[in-house]
Amino acid sequence: MAEDIEEIRRQKLAKLRNKAETGGAEASTSKNPSEPIHIDGGAKLSETVAESGLVLADFYADWCGPCQMLEPIVETIAAETDATVAKIDIDANQQLAAEYGVQGAPTLVLFADGQPAERLVGMQGEAQLRSVIEAHA
């Protein structure tokens, strides 16, 4: 586990250095951001879903242990797949969480073509998330 965390740190550091060297150009040329987008409110979520073909919405809470364990996996998904990853804090966005029927954290909702296509509740492995995304890509 510690080795995995250290590897993630090395990858993030390399990514940040590359971004600093290129002046952040890579982020502006990509259709889907390589890092999760933090969503605050339904309008921002609707805008993100409308602009991106495939959006993985991660409804999380800061106090949630499984959410914290899922975070590096979600960051990898954002960096390595065609899906845009949207992170939604359920404490700060209670109405939005209720609108999507979120009753437990983490809850992941995959939007394809502007509509919710898949729903996953609880800790998910990277392979499972990749499989769900590829099925709708």
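Scroll up to find the structure.
Draft legend 1. Focus on unusual backbone geometry. Look at the link from alanine 105 to proline 106: it is a cis peptide, with omega at -5 degrees. Among the structural elements, proline 106 can be located in the loop between helix H5 (94-99) and strand S4 (107-112). For aspartate 113, which is not glycine, the phi dihedral falls at a positive 55 degrees. Examined against the element boundaries, aspartate 113 turns out to sit in the loop between S4 and strand S5 (115-121).

Draft legend 2. Local environment of the pairing of S5. As paired elements, S4 and S5 share 6 bridges and run antiparallel to each other. Note that in S5 the partner of valine 109 across the bridge is arginine 119. Linking two consecutive strands that pair antiparallel, namely S4 and S5, is a turn of 2 residues; a positive phi of about 55 degrees is found at aspartate 113 within it.

What counts, and at which threshold
Residues numbered from 1 in each chain as written. Predicted model: local features only at pLDDT ≥ 70, side-chain atom pairs only at ≥ 80, totals over all residues. Heavy atoms only, no water. Helix = DSSP H or I, 4+ residues; strand = E, 2+ residues; numbered from the N terminus. Pairing = 2+ DSSP bridges.

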